[in-house]
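# Examining the three-dimensional arrangement
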Amino acid sequence: MSSPRGADPGTVLPRLRATPAAVQALRRVWRSHGEVLMILSAGCCGGSAPMCFPRDEFRLGTHDVLVGEVAGCPVYVEQRQLDAWPHAEILLDVEEGHAEGFSLPAGEGLHFVCWMSSSALPRREQPTDGRPA
Amino acid sequence: MSYTAPGRAGSLVTVQDRYDNFIGGKWMPPAQGEYMTNLCPATAKPICEVAKSSPEDVEAALDAAHVAAAEWNHVSQATRAAVLEKIADAIEANAEMLAVAESWENGKPVRETLAADIPLAVDHFRYFAAAARSMEGRLTVIDEHTTAYHFHEPLGVVAQIIPFNFPLLMAAWKIAPALAAGNCTVLKPASPTPWSILKLAEVIEDVVPPGVINIVTGPGAEVGKALATSPRIAKIGFTGETVTGRLMMQYAAENLIPVTLELGGKSPNVFFDDVMAADDDFLDKAVEGLVLYAFNKGEVCTCPSRALIQESIYDEFMARCLDRIAAIKQGNPLDETTMLGPQVSAQQLSKISGYVDIGRAEGAEVLIGGQPAKVGGEFEKGYFYEPTVLKGDNKMRVFQEEIFGPVLAVTTFRDEAEALRIANDTLYGLGAGVWTRDTNRLWRMSHGIQAGRVWVNCYHQYPAGAAFGGYKISGVGRENHQMMLEHYSQTKNVLISTDEKKLGLF
C-alpha cells in the first residue's frame, strides 16, 4: 500500500485548528469507531467538506498531504487542492446536518465542517467569533 | 398559481407518516426498525420519516435483486424496452404530482421540475427504451475460416448512489441505462432527498418486475458502504464529490468491478464581445445564459459558476444581467412564478454563506445579493440565499471551489487566448459555456476548453442522447447516451473456426 509522501517542495501548509466542539466530536467518534482520519473533499453536493473515515477505511494516496492532527486524528488535503486553493488556515468545526457522502457523522444529527481562509490574497482581521475570514 | 404542499388537504401529493424501503417490489420495514426525519427545506419542517437502514437491508435488497436478475438478465430486448416505456408512461401520467413532490423535498422551484426534471426523466426512459431495442452485437471476419462475434450481456446487479440535487432525474439517468442493458439495480438516494424517489417507486411499482429496481434509504457511511463494498454487485455508478468518488474507486478495486463517477465542477461561462453586436433575441438569450447560474439554486455540478466576460462589453452586458438577476423571484418553491427556491439543507446554506464571506475577505466585490434571503410567513425558517454575484479574480477561492449555491463569480478577459487560459485554470472539467456569434471562434473555444460538455450559445440543456461526463477531477465515464449500454454490459466474444484442419502444433 502506498502512503502519503509529504507535500511537494515549496508547498505552504495551512495552519490547522479545531473548535472545542470538533475536538469533542472527534473523541466521541474515536470511542465509537476507533482511530479515524480526515480528508478534505472537493466539488459537488458534499464538496469542500472534511470527510471522516475509520483510519483503515480510506486508502490514502501518494499525493495526500498531512496538514496536521486534531485530537489524534490526522487531517489530509490532496496536493492539487493545496496548490489550487492555498489555505492559510483550516478551522475544523461541527454543525447540525447529515454527514456528507460516506463520512462518519460528528454525532447524532451532526456533521463535520471546515472554515478556511486563503493565503493567496491579502487577509483581513479575523472576526470575533474566531472563524478565519 | 401555487400548488398545495404535499400532505395537506387538496394536494396532488399524498404523504404517509413514514416510508419503508422498496425491495423486491414490496415495501419492507428496515431490519433495525429505525427511521429518520426528512425535512422540507422551504419550511425546515418534517415532511415524513424514511427508513434509516442498515447493512441487513442492503443484503435484503441484493437478495431481491439477484432473484430478479435470474430472469431479468435474460429477457428479450423488446421486453426491457417495453418496461422502460411503461415507466416513462407512468411518470408522465403522474408528472405534476412528482414535480410537486420533488420541488417540496428538494426546494427547487416547481416551474423547473415541471419544465425540466420530470419531462427529462420521462424522455430519458424513452431514449433508453429505444436504445435497448436497437442494441446490436458486432462481428468481425478474422479470415475466411474464423469469425469473431461480439454480444452484449448484462453485468448482473449494479449499485447506484445518487445525489440530492436532481433526485428523480439522477435516478432516471442511473436506472434507465442499467435496466436497458438488462441489469437489476439497488439504488441509494442521498440522505437529504430520499422521499421523492420513493414516490416514484409508488408510481412505477406495478410496471416494473419485482426486484429489478430496489431502493434503500439511509446514511452513506453504513448503507452506502455496505452496498458499494458488496461482492454481489457488478458495477458502481456514483454521482457526488471527489473524496467519495475516490472511495468508490477504492471499493470497486477491492472487488475488481467497473465504476462510473460524476463528480464536481466549476464551470466557466464565456461571453465574447460580439454577443453585444446587436440588441436582439440572441443577446437576450445570452443574458439568460449567464443568469442560469441560479438554475436549481446553483446546486448543479455543471453550474456556470464562473462568468468570463470580455472587457470591452463588461459594463453594459453585466448591467443587463444584474437587472435580470434583480428580477429573480424567490420564495415558495410550489409557486409557479418562483424562480429561486431554498437551498436543500441548512448545511448548504451555511456553506454558501461561508464562501461569500471568504469572497469578501479575499477582496471580491459583491455586485448583488450576498446574504441569506428573508422570505416571510411559512417560509421564515427556510434555507434561502439571495442570488449573488461576486466580481473578482480567478485565483480567488470563490472562483476555484465549488460553492453549490446561487453564487456567481465574475471576471473579465482581454482576448480569446486569455479567455481560454482562465476557463481551463481549474481542477475541474465538467461543463462550460461559450457565447459568440463567430463560428470559427466557437469551434476553437469548444475544442480548447478541457471539459466533458461544452455548451455553445446555450447552457443547462440535458437532452438524452448528448453524452455527459467529466474531464480532470470531474469524473470517469459518461452518462446520458447510448454508449452507457456498453458501460452497463459485458462483451461476450465467441470466436468460431470453420476450418476442418488442425493447427499443426501438437
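Please refer to the structure higher up on the page.
Residues numbered from 1 in each chain as written. Chains lettered and ligands numbered in written order. Predicted model: local features only at pLDDT ≥ 70, side-chain atom pairs only at ≥ 80, totals over all residues. Heavy atoms only, no water.

## Remarks on the environment of Lys351(B)
All names here are of chain B. Put simply, the test is: Secondary structure elements follow DSSP: runs of H or I of four or more residues count as helices, runs of E of two or more count as strands, with numbering from the N terminus. Note on classification: 1.4 Å probe, protein chains only; a residue is buried when its accessible area is under 20% of the maximum for its type, exposed when over 50%, partly exposed between these limits.
When you line up the elements, Lys351 lands in helix H11 (residues 346-361). A relative accessible area of 12% places Lys351 in the buried class. As a C-alpha pair, Lys351 and Gly429 span 78 residues in sequence and 22 Å in three-dimensional space.

## A look at the nonpolar core
Using the following cut-off: Working definition of a nonpolar core: buried Ala, Val, Leu, Ile, Met, Phe, Trp, Tyr and Cys residues. They are joined through side-chain atoms within 4.5 Å. We call two residues in contact when some of their heavy atoms are within 4.5 Å.
Core analysis: the largest hydrophobic core is formed by 155 residues, its most contacted members being Ile87(B), Ile236(B), Met248(B), Leu290(B) and Phe317(B). Discounting chain neighbours no more than four positions away, the residues touching Phe317(B) are Phe271(B), Val275(B), Met276(B), Leu283(B), Ala286(B), Val287(B), Leu290(B) and Ile309(B). Counting residues in each nonpolar core, the second largest holds 26 residues, with Val29(A), Cys52(A), Val70(A) and Met116(A) among its members.

## Details of the packing of helix H2 (residues 77-93) of chain B against helix H4 (residues 110-133) of chain B
All names here are of chain B. Where we set the bar: A fitted line through C-alpha atoms represents every axis, and for helices the fit uses only the stretch in contact; the resulting angles, taken between N-to-C directions, go from 0 to 180 degrees. Geometric relationships in this document are graded by angle, where less than 35 degrees denotes roughly parallel, more than 145 denotes roughly antiparallel, 65 to 115 denotes roughly perpendicular, and other angles denote oblique. Residues are grouped as follows: Ala, Val, Leu, Ile, Met, Phe, Trp, Tyr, Cys and Pro are nonpolar; Asp, Glu, Lys and Arg are charged; all remaining types, including Gly, are polar.
Axis separation between H2 and H4 bottoms out at 8 Å; the angle between their running directions is 170°. Between H2 and H4, the angle is such that the two are roughly antiparallel. On the side of H2, the interface is formed by Gln77, Ala78, Ala81, Leu84, Glu85, Ile87, Ala88, Asp89, Ile91 and Glu92, while H4 contributes Ile118, Val122, Phe125, Arg126, Phe128, Ala129, Ala132 and Arg133. Residue classes in the contact of H2 with H4 are distributed as twelve nonpolar, one polar and five charged.

## A short note on a nonpolar patch on the surface
The test is simple: The patch calculation keeps residues exceeding 30% relative accessible area without a salt bridge and links them within 9 Å when they carry like charges or within 5 Å when they are nonpolar (Val, Leu, Ile, Met, Phe, Trp, Tyr). Only the protein chains shown count as cover for residues, and the accessible areas themselves come from Shrake-Rupley with a 1.4 Å probe. Whenever a carboxyl oxygen of Asp or Glu lies within 4 Å of a side-chain nitrogen of Lys or Arg, that contact is scored as a salt bridge.
Together, Phe151(B), Val494(B) and Ile496(B) make up a nonpolar patch on the protein surface, roughly 220 Å² of accessible area in all. Inspection of the secondary structure assignment puts Ile496(B) in strand S23 (residues 489-497).

## Looking at the pairing of strand S6 (residues 138-143) of chain B
What counts, and what does not: DSSP bridges decide pairing: two strands pair if at least two such bridges lie between them.
Where burial is concerned, little of S6(B) is hidden: zero out of the six residues are buried. Taking the residues that link successive antiparallel strands as the turn, the S6(B)-strand S7 (residues 146-154) of chain B hairpin has two residues.

## A look at a negative patch on the surface
Put simply, the rule reads: In this count, Lys and Arg are taken as positive residues and Asp and Glu as negative ones, while His and the chain termini are left out. Here the site of a charge means atom NZ of a Lys, CZ of an Arg, CG of an Asp or CD of a Glu.
Judged by side-chain charge, Asp143(B), Glu144(B), Asp499(B) and Glu500(B) come together as a negatively charged surface patch. Relative to the assigned elements, Asp499(B) resides in the segment after S23.

## Details of the packing of aromatic side chains
Residue and element names in this part refer to chain B. Using the following cut-off: Pairing of aromatic rings covers Phe, Tyr and Trp, the last through its six-membered ring, and needs centres within 6.5 Å; plane angles under 30 degrees mean stacked, over 60 mean edge-to-face, and all others mean tilted. Here, a charge over a ring means that NZ of Lys or CZ of Arg falls within 6 Å of the ring centre while also lying within 35 degrees of the ring normal.
In this structure the tally under the stated criterion is 17 aromatic pairs over all chains. Aromatic pair Trp455 and Tyr459: ring centres 4.2 Å apart, planes at 35°, arrangement tilted. Each residue in the set Trp173, Trp455, Tyr459, Tyr462 and Phe468 is aromatic and connected to the rest through ring pairs, giving one cluster. Cation over ring: Lys235 sits above Tyr488, and NZ or CZ is 4.7 Å from the ring centre. Of note, Lys391 hangs over the ring of Tyr314, and the distance from its end group to the ring centre comes to 4.8 Å.

## Re the pattern of salt bridges
For the structure on display, the rule yields 31 salt bridges over all chains. Among the ionic pairs, Arg17(A) bridges to Glu89(A), the shortest N-O distance being 2.7 Å. Remark: Glu89(A) occurs in strand S6 (residues 87-96) and Arg17(A) occurs in strand S1 (residues 15-18); sequence separation between them is 72 residues. We classify Arg17(A) as partly exposed; its relative accessible area is 27%. Residue classification places Glu89(A) among the buried positions, given a relative accessible area of 3%. In this structure, Glu153(B) engages Lys492(B) in a salt bridge whose closest nitrogen and oxygen atoms are separated by 3.0 Å. Note that Glu153(B) is positioned in strand S7 and Lys492(B) in strand S23, a separation of 339 residues in sequence. Of the residues examined, Lys492(B) reaches a relative accessible area of 35% and is grouped as partly exposed.

## Thoughts on the environment of Phe53(A)
Counting through the fold element by element, Phe53(A) comes out in strand S3 (residues 50-54). When the C-alpha atoms of Phe53(A) and Ala21(A) are compared, they prove to be 18 Å apart, with 32 residues separating the residues in sequence. Those residues in contact with Phe53(A) that lie beyond four places of it in its chain are Glu35(A), Val36(A), Leu37(A), Ile39(A), Phe58(A), Phe102(A), Ser103(A), Leu104(A), Val243(B) and Leu247(B).

## Considerations on helix H13 (residues 416-424) of chain B
Considered for burial, the residues of H13(B) that qualify are Glu416(B), Glu418(B), Ala419(B), Ile422(B), Ala423(B) and Asn424(B). Contact partners of the buried residues in H13(B): strand S13 (268-271), strand S14 (306-310), strand S17 (407-413), helix H14 (439-448) and strand S21 (471-472) of chain B.

## Section: the pairing of strand S8 (residues 157-161) of chain B
Residues and elements named next belong to chain B. To keep things clear, this is the line we draw: Call a crossover right-handed when, viewed with both strands pointing away from you, the route from the first strand across the helix to the second goes clockwise.
With respect to burial, S8 is a largely interior element, five of its five residues being buried. Residues Val157, Ala159 and Ile161 line one face of S8 and the alternating positions Val158 and Gln160 line the opposite face, and both faces are buried. With five bridges connecting them, S8 and strand S9 (residues 184-188) associate as parallel partners. Its bridge partner lying in S9, Ile161 is registered against Lys188. The parallel pair S8 and S9 is bridged by helix H5 (residues 167-180), and the resulting crossover is right-handed. Relative to strand S11 (residues 236-239), S8 is paired through three bridges, and the arrangement is parallel. Paired with Ala159 across the strands is Ile236, a residue of S11.

## What to know about the side chain of Thr185(B)
Residue and element names in this part refer to chain B. One can find Thr185 in strand S9. Note on Thr185: relative accessible area 0%, which makes it buried. When residues no more than four places from it in sequence are discounted, the contact partners of Thr185 are Val158, Gln160, Ile175, Leu179, Val212, Ile213 and Asn214.

## Points about the interface of chain B and chain A
What counts is decided by this rule: Summed over both partners, the accessible area lost on bringing two parts together, with a 1.4 Å probe, is the buried area. We call two N or O atoms a polar contact when they sit within 3.5 Å, provided that within protein one can donate a hydrogen and the other can accept it, with sequence-adjacent residues counted only if both atoms are side-chain atoms.
The interface is formed by 44 residues belonging to chain B together with 44 residues belonging to chain A. Across the chain B/chain A interface, buried area totals approximately 3600 Å², and carbon plus sulfur atoms make up 59% of it. Considering only the surface of chain B that becomes buried against chain A, Val243(B), Arg246(B) and Gln347(B) emerge as the three largest contributors, covering 18% of it. The shortest N-O distance in the salt bridge between Lys225(B) and Glu57(A) comes to 2.8 Å. Along the contact surface separating chain B from chain A lie twelve residue pairs in polar contact (both at pLDDT 80 or more). Within the residue set of the side of chain B that touches chain A, elements represented by two or more residues are helix H7 (220-228), helix H8 (242-255), H11 and helix H12 (397-400) of chain B. If one sorts the elements of the side of chain B that touches chain A by residue count, H11(B) sits on top with nine residues. Taken together, the residues that form the side of chain B that touches chain A break down as 20 nonpolar, 14 polar and ten charged.

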